[in-house]
Every structure is written in structure tokens, then in C-alpha cells.
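Observations on the three-dimensional arrangement
Take a look at the letters that make up each chain.
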Amino acid sequence: MKGNWNGYIEGKLWTGGCKFTKEFLEEFSDKYEFIGRITVEDFSNNIEFIRSNLSDDTLLVIMLGSETQFEENDFAAYKDRDKMHKEYNDAAREFAKDKENTTVLDVNNYITGQESFYKNINHFIPKIYYEMAQDMIKLINDWTGQKVAKTSFILKTIADTKQRIRKLLGKR
């Protein structure tokens with residue numbers, strides 16, 4: 001079996017909750033080839049392509065990646081991911097700075113330390129997502145002139161707690 005397949009199939013490697021089988025991994029590896037990380041130039045070109053295919057009255061919000069190192073990382077593919085995010089983030093900030101219809105949502109404004117992460121540099125505790133959602137609501141309201149309703153933090157916390165209990169009990 002190739003590389004880390006057993007780790008993915010057995011759930012020993014982080015999969016974001018995806019369940020992999022040998023058959024799936026074989027089919028996927030037959031169809032696709034990993035050519036490395038995208039360059040900052042290609043990233044910038046992709047953002048430009050996306051913006052050029054949106055109407056001028058559509059707000060493009062680019063969510064930036066964490067520039068804080070996730071200290072519990074033990075996966076080689078995520079080595080120096082914080083530095084890579086910084087390069088992409090700088091390109092996104094530069095792209096958005098003079099465009100009225102493009103902005104960034106900077107996750108770094110919400111991260112307070114290692115306790116903000118949930119198992120991965122790209123995943124966060126519910127409080128972080130809640131705070132980001134509040135700012136996204138403000139962006140939407142400001143852009144559209146409409147009023148998007150807010151969910152209370154207490155209701156969100158109760159829903160999250162119920163979901164965690166179900167997961168602990170093996171129920172979905």
C-alpha cells in the first residue's frame with residue numbers, strides 16, 4: 001500500500017472527519033497527481049480570476065490562514081504552514097487593499113494562542129468561528145444594507161455541547 005494510506009484508512013492520520021478506503025485512495029491516485037503547493041503568483045492569479053468572474057456588486061471575502069504556528073503539528077505536509085499562510089495572506093491583502101468590492105477576513109485577529117486551535121492549523125475552537133461569523137454578518141450587513149440576524153453565543157454553545165455529547169456517546 002502506498003505511503004500513508006494505512007494511516008488514512010485506519011484514522012491514525014488526520015482526515016478532517018473523512019473516511020477513506022483502499023479503493024477510494026487507489027481511484028483518487030489514478031486520477032490525480034500531486035504537483036506541490038501552489039505558488040504565491042498562481043494564488044494571486046486565482047484570486048484575480050475569481051474576482052473577474054464576479055459582478056462588481058458582489059463582495060468577495062477572502063478568509064486568510066493562520067500565521068500562528070500550530071505547535072502540536074506532527075504531519076510533514078503542515079510543516080511551516082504558518083509561513084506559507086503569511087505569504088498567501090500578504091498577497092491577498094495586497095490584492096484587496098484598493099478594491100471596494102474585495103476584503104479579507106483575517107483569522108489572525110481571533111487567534112489568541114494554541115488554545116484557539118482544534119487539532120490543526122486550519123481548524124479552530126467554536127468560539128473563534130463564532131467571532132468570525134459575527135464579523136462576517138457585519139460585512140454582509142454593511143455591504144447589502146440588509147440585516148442578517150445573529151445567533152446568541154449561549155444558544156451556539158448549547159448546540160455545540162449537545163453535538164459533543166452525541167459524539168462521545170457514539171450517536172450522530
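We now turn to the structure provided with this report. (Residues numbered from 1 in each chain as written. Predicted model: local features only at pLDDT ≥ 70, side-chain atom pairs only at ≥ 80, totals over all residues. Heavy atoms only, no water.)

Here we come to the overall build of the protein chain. Helix and strand counts for the protein chain stand at six helices and two strands. Each helix and strand of the protein chain, ordered N terminal to C terminal, gives the series α-α-α-β-α-β-α-α. With the C-alpha coordinates of the protein chain rotated into their principal frame, the extents come out at 55 × 45 × 30 Å. Buried residues in the protein chain amount to 26% of all 172 residues. Across the protein chain, the fraction of contacts at a sequence separation of at least 24, relative to all contacts at a separation of at least 6, is 59%. (Helix = DSSP H or I, 4+ residues; strand = E, 2+ residues; numbered from the N terminus. Buried < 20%, exposed > 50% of the residue type's maximum accessible area, 1.4 Å probe, protein only. Contact = heavy atoms within 4.5 Å.)

Turning our eyes to something else, we now look at the packing of aromatic side chains. Taken as a whole and judged by the stated rule, the model has eight aromatic pairs. Each ring, one from Tyr8 and one from Phe20, has its centre 5.9 Å from the other, and the planes form 70°; the classification is edge-to-face. Remark: Phe20 occurs in the loop between α1 (5–9) and α2 (22–31) and Tyr8 occurs in helix α1; sequence separation between them is twelve residues. Ring centres 4.8 Å apart and planes at 40° place the aromatic pair Phe28 and Tyr32 in the tilted group. An aromatic cluster of three or more residues is present, and its members are Tyr8, Phe20, Phe24, Phe28 and Tyr32. Positioned over the ring face of Tyr78 is Arg81, at 4.2 Å from the centre of the ring. Geometry around Phe95 places Lys99 over its ring, the cationic atom sitting 4.0 Å from the centre. (Phe/Tyr/Trp six-rings, centres within 6.5 Å; stacked < 30°, edge-to-face > 60°. Lys NZ or Arg CZ within 6 Å of the ring centre and 35° of its normal.)

Moving on, we come to the pattern of salt bridges. Per the stated rule, a full pass over the model turns up twelve salt bridges. One salt bridge connects Lys97 with Glu94, and the closest N-O pair in it is separated by 3.2 Å. Given the relative accessible area of 53%, Lys97 is considered exposed. Here the salt bridges share partners, and the residues they tie into one network are Glu67, Lys86, Asp90, Arg93 and Asp106. (Salt bridge = Lys/Arg side-chain N within 4 Å of Asp/Glu carboxyl O.)

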